[in-house]
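Okay, here's what each chain looks like letter by letter:
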Amino acid sequence: MVQQFHSVLACLDVETVPETDLLPSDADPAAFPKLPYHRVVAVSFVEAEIVREDAGYEWYRVTGVRSGGREDYSEAQILKAFWRWFADRKPRVVTYNGRGFDLPLLKLRALFHGVAADAWYKAGDKWSTYGQRYSADWHCDLYDVLSDFGATRNLGGLDDVCRSMGLPSKIGGHGSEVADMVAQGRIADVRAYCEGDVLNTFALYVRYALLSGRTTPTGHNRSLESLLELLSRERGDRPHLGVFLDMWTENATRRGMPLLVSEPPVIRLADGADRHLESEHVLPE
């Protein structure tokens, strides 16, 4: 049975730039800085309602794709807004390598700025909590679960996994370009790029939910259809969402990788109710 503590799903991603003035004098300028030397410039997420079915399955109705705060927010303001939103929603968190980077960074930078993140630490119990590595109902790090918690060492990054399943992967740039974007004052482009990553993360999670038995083929399709509807509805005001949608549908056509999966047949029972055969391994009498 799926943990029912959460009513909201949040696929998160963070963009950062190096705190170059804090780096030790002997630091390699070409090396990826350690966590304390990163500054958060964007936190983006796909937010969805977790819709639970009678049989214990669930699907995800997308309610928003956005980045936290305003473009002119300082790091401290971004963190305050994020942890306030987090305390209000207490979502099931979904990331890709978020246990290794994004969440430790969000907590560490909150520590530096004196921002409370108590909702992360106080929710749940010893075995079911955000900090428990194997509690995927609380924080599902897709890199962790898809690599069998480190047993597979060559899984690759989000870009590799999403590219292989026909998702758009990176849109609007690359992580290595974020620092230059920020230096040029292109914060809107950074946020759009980060939102592309969380769109990929959401689609990947929906497929993982099908793989792991959290959802059904019908639930998988409902989840992605809700995302497709949002992308279509908002593409006029937010062009990068249209870019993502167009690339995704183009990949589906060109590579023969449909966005949706085949659904099992539906039978009509004697009482007039419809039932998918996926939940009944044999035909009912």
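Draft legend 1. How the structure looks around the overall build of the chain. Along the backbone of the chain there are 9 helices and 7 strands. Across its three principal axes, the chain shows a C-alpha extent of roughly 75 × 45 × 35 Å. Out of the 285 residues in the chain, the part that is buried amounts to 48%. Nonlocal contacts in the chain, meaning residues at least 24 apart in sequence, comprise 68% of its contacts between residues at least 6 apart. Per element, the accessible surface of the chain, about 14300 Å² overall, is 50% carbon and sulfur. The averaged location of the 41 negative side-chain charges in the chain is 3 Å from the averaged location of its 32 positive side-chain charges.

Draft legend 2. Main features of the nonpolar core. One finds L9, Y60, L142, F202, Y205 and W248 to be the most contacted residues of the largest nonpolar core, which totals 40 residues. Here this core gets 9 residues from one element, more than from any other, and that element is helix α7 (residues 187-211). What Y60 contacts, discounting residues up to four positions off in sequence, is L9, A48, E49, I50, R92, F202, Y205, V206, A209, R214, S223 and S226. Counting 25 residues, the second-largest nonpolar core is a separate cluster that includes V14, F45, L105 and W138.

Draft legend 3. Seen up close, the sheet that holds strand β5 (residues 139-141). Spatial ordering of the open sheet is given by β3-β2-β1-β4-β5, a layout of 5 strands whose pairing is mixed. What marks the edges here is a single partner per strand, and that holds for β3 (58-67) and β5. On average, each strand axis in the sheet is inclined to that of its neighbour by 25 degrees, with strand direction left out of account. Taken together, the 9 bridges between strand β2 (residues 38-52) and β3 define a ladder with antiparallel strand orientation. Paired with E49 across the bridge in β3 is R61. Docked against the sheet, helix α2 (residues 98-113) engages β1 (8-18), β2, β4 (92-95) and β5, running at close to 115 degrees with respect to β2.

Draft legend 4. Main features of the pairing of β3. Across the 10 residues that make up β3, a large majority, 7, are buried. Count of turn residues in the β2/β3 antiparallel hairpin: 5 residues, of which G56 carries a positive phi of about 95 degrees.

Draft legend 5. Summary view of the pattern of salt bridges. For the coordinates displayed, the defined rule picks out 19 salt bridges. A salt bridge links R89 to E47, with the shortest nitrogen-to-oxygen separation between them at 2.6 Å. Taken together, the residues span a long stretch of sequence, with R89 in helix α1 (residues 75-89) and E47 in strand β2 at a distance of 42 residues. Its relative accessible area of 9% is what places E47 among the buried residues. Residue R133 pairs with D144 through a salt bridge whose shortest N-O separation is 2.9 Å. Within this pair, whereas R133 is found in the loop between α3 (118-122) and β5, its partner D144 is found in helix α4 (residues 142-146), the two being separated by 11 residues in sequence. Through salt bridges with shared partners, a single ionic network connects E19, R39, E75 and R109.

Draft legend 6. Inspection of the pairing of β2 at higher detail. Burial analysis of β2 places 12 of its 15 residues in the buried class, the great majority of the element. As judged from the 11 bridges shared by β1 and β2, these two strands associate in the antiparallel manner. By the bridge assignment, C11 is partnered in β2 with V46.

Draft legend 7. Highlighting α7. With 25 residues, α7 should reach 36 Å at 1.5 Å per residue; the first-to-last C-alpha distance of 36 Å fits that figure. Within α7, 20 of the 25 residues are buried, which leaves the element mostly enclosed by the surrounding structure. Just downstream of α7, G213 is the residue with a positive phi angle, here 85 degrees.

So, how was this worked out
Residues numbered from 1 in each chain as written. Predicted model: local features only at pLDDT ≥ 70, side-chain atom pairs only at ≥ 80, totals over all residues. Heavy atoms only, no water. Helix = DSSP H or I, 4+ residues; strand = E, 2+ residues; numbered from the N terminus. Buried < 20%, exposed > 50% of the residue type's maximum accessible area, 1.4 Å probe, protein only. Contact = heavy atoms within 4.5 Å. Areas by Shrake-Rupley, 256 points an atom, 1.4 Å probe, with all protein chains shown as cover. Lys, Arg positive; Asp, Glu negative; His and termini not counted. Charge placed at Lys NZ, Arg CZ, Asp CG, Glu CD. Core = buried A, V, L, I, M, F, W, Y, C linked by side-chain atoms within 4.5 Å. Pairing = 2+ DSSP bridges. Axes fitted to C-alpha atoms, helices over the stretch in contact; angles between N-to-C directions. Salt bridge = Lys/Arg side-chain N within 4 Å of Asp/Glu carboxyl O. Expected span 1.5 Å × (residues − 1).

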